[in-house]
Amino acid sequence: MGQRRQRLLRNPRQPRRQGRRRDDRPGPRLAASERRSGERKGYDYSYDAIRAPYRLAVDAAWFSDARAIARLGKLNAFWQSVGVSNIKDGYTIGGAVTGQWHNAAFVGPAAAGAVVSSNTSYKTAMWNELVSLSAGNYYNDSLRALTLLFSGNRMPSPLGSTPPPPPPNQPP
């Protein structure tokens, strides 16, 4: 019997079960991929989290958001400790490497976050590393293009309020 038909045939006096998993255990519902693999990677920095530094950088540059600037300060300190050429495609919340690839999908958003850094050599290294990465795949190259536009001061705020910070060492 289909789910819709079951809902229609349900006794209206019977309370609906909400907020519980199918197996009647309390707790969060897991995504299908998490149920299959048995792993919960909600706190790892992986492909589902790489947009965060870019989005924080946009908030910091376009709107001078103090919270974004503070968070980017912590992220920039982490990327500086890792080393620009050593950025991999996955980390645990404790900073341990879980990935193996150095690609534009991870370097790009990190480089976008570097625009608020006061360390010019770090900004320059991030820019140069991002420019040198290419020949990835559609996803990596799309993020690379987006973050190059932003970091290179070619993506002004659509609201026209404040321009992004100047490029680290050269005009694109």
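Now for a look at the structure at hand. (Residues numbered from 1 in each chain as written. Predicted model: local features only at pLDDT ≥ 70, side-chain atom pairs only at ≥ 80, totals over all residues. Heavy atoms only, no water.)

**Observations regarding the packing of helix H3 (residues 51–63) against helix H4 (residues 66–82)**
Rules: To define axes, lines are fitted to C-alpha atoms, for helices over the stretch in contact only, and angles between the resulting N-to-C directions are given on a 0 to 180 degree scale. Runs of E in the DSSP output that reach at least two residues are strands. Runs of H or I that reach at least four are helices, and both are numbered from the N terminus. Our angle categories are set so that under 35 degrees counts as roughly parallel, over 145 as roughly antiparallel, 65 to 115 as roughly perpendicular, and the remainder as oblique. Note on convention: near helix rotated counterclockwise from far helix by under a right angle means a left-handed crossing. Clockwise means right-handed. We call two residues contacting when some pair of their heavy atoms lies within 4.5 Å. Each residue is assigned to one of three groups, with Ala, Val, Leu, Ile, Met, Phe, Trp, Tyr, Cys and Pro labelled nonpolar, Asp, Glu, Lys and Arg labelled charged, and all others, Gly among them, labelled polar.
Put simply, H3 and H4 touch, their axes get as near as 8 Å, and they point 135° apart. Taken together, the axis directions place H3 and H4 in an arrangement best described as oblique. Handedness of the crossing formed by H3 with H4: left-handed. Between H3 and H4, the residues in contact are Pro53, Leu56, Ala57, Asp59 and Ala60 and Ala68, Ile69, Arg71, Leu72 and Leu75, respectively. Along the lines of polarity and charge, the residues of the contact of H3 with H4 split into eight nonpolar, no polar and two charged.

**A short note on the nonpolar core**
Test applied: Put simply, buried Ala, Val, Leu, Ile, Met, Phe, Trp, Tyr and Cys residues joined by side-chain atoms within 4.5 Å make one nonpolar core. Three exposure classes are used, based on accessible area relative to the maximum for each residue type with a 1.4 Å probe and protein chains only: buried under 20%, partly exposed in between, and exposed over 50%.
Counting residues in hydrophobic clusters, the biggest one holds 22 residues, and the most contacted among them are Tyr45, Trp79, Ile87 and Met126. Within the residue set of this core, elements represented by two or more residues are H4, helix H5 (104–113), helix H6 (120–132) and helix H7 (138–151). For this core, the element with the highest residue contribution is H5, accounting for six residues. Leave out the neighbours within four places in its chain, and Trp79 touches Tyr45, Val84, Ile87, Tyr91, Ala110, Tyr122 and Met126. One finds Tyr54, Leu56, Ala61 and Trp62 within the second-largest nonpolar core, a separate group that totals 13 residues.

**Here's the deal with the pattern of salt bridges**
Stated precisely, the cut-off is as follows: Salt bridge, as used here: a side-chain nitrogen of Lys or Arg that lies within 4 Å of a carboxyl oxygen of Asp or Glu.
Enumeration according to the criterion identifies one salt bridge in this entry. A salt bridge links Arg67 to Asp65; the shortest N-O distance between them is 3.1 Å. According to the relative accessible area criterion, Asp65 is buried, its value standing at 18%.

**Points about a nonpolar patch on the surface**
Let me state the cut-off plainly: Patch definition: residues with relative accessible area over 30% and no salt bridge; like charges joined within 9 Å; nonpolar side chains (Val, Leu, Ile, Met, Phe, Trp, Tyr) joined within 5 Å. Per-residue and other accessible areas were derived by the Shrake-Rupley procedure at a 1.4 Å probe size, with only the shown protein chains allowed to occlude residues.
Where nonpolar side chains cluster on the molecular surface, the patch consists of Tyr47, Trp101 and Tyr139 and spans about 340 Å² of accessible area. Among the secondary structure elements, Trp101 is positioned in the loop between H4 and H5. By relative accessible area, Trp101 is classed as exposed at 53%.

**Things to note about H4**
Stated formally: Helix span, expected: 1.5 Å multiplied by one less than the number of residues in the helix. Comment: arc refers to directions from the helix axis out to C-beta atoms. Residues adjacent in sequence count toward polar contacts only when both atoms are side-chain atoms; beyond that, a polar contact is any pair of N or O atoms within 3.5 Å, and within protein one must be able to donate a hydrogen and the other to accept it.
Across its 17 residues, H4 extends 25 Å between first and last C-alpha, which sits within 8% of the 24 Å expected from 1.5 Å per residue. Along H4, the residues that are buried comprise Ala68, Leu72, Asn76, Trp79 and Val82. Taken end-on, H4 shows its buried residues confined to a sector of 110°, consistent with a single buried face. Opposite the buried face of H4, at more than 90 degrees from it, the exposed residues are Ala66, Arg67, Lys74 and Ser81. Where the residues of H4 are buried, they touch H3, H5 and H6. The backbone nitrogen of Arg67 lies 2.8 Å from a side-chain oxygen of the residue at the head of H4, namely Asp65. Two residues or fewer past H4, Gly83 is found with a positive phi of approximately 100°.

**Focus: the packing of aromatic side chains**
Going by this rule: Ring pairs shown here join Phe, Tyr and Trp side chains whose ring centres sit within 6.5 Å, with only the six-membered ring taken for Trp; geometry is labelled stacked below 30 degrees between planes, edge-to-face above 60, and tilted in between.
This structure, assessed with the given rule, holds ten aromatic pairs. Ring geometry for Trp62 versus Phe63: centroids 6.3 Å apart, planes at 85°, classification edge-to-face. Between the aromatic rings of Trp62 and Phe150, the centroid separation amounts to 6.4 Å while the plane-to-plane angle is 65°, which identifies the pairing as edge-to-face. Residue Trp62 is found in helix H3, and its partner Phe150 is found in helix H7; the two are separated by 88 residues along the sequence. Each of the two residues, Trp62 as well as Phe150, counts as buried. Taken together, the aromatic side chains of Tyr45, Tyr47, Phe78, Trp79, Tyr91, Phe106 and Tyr139 make up a single cluster linked through ring pairs.

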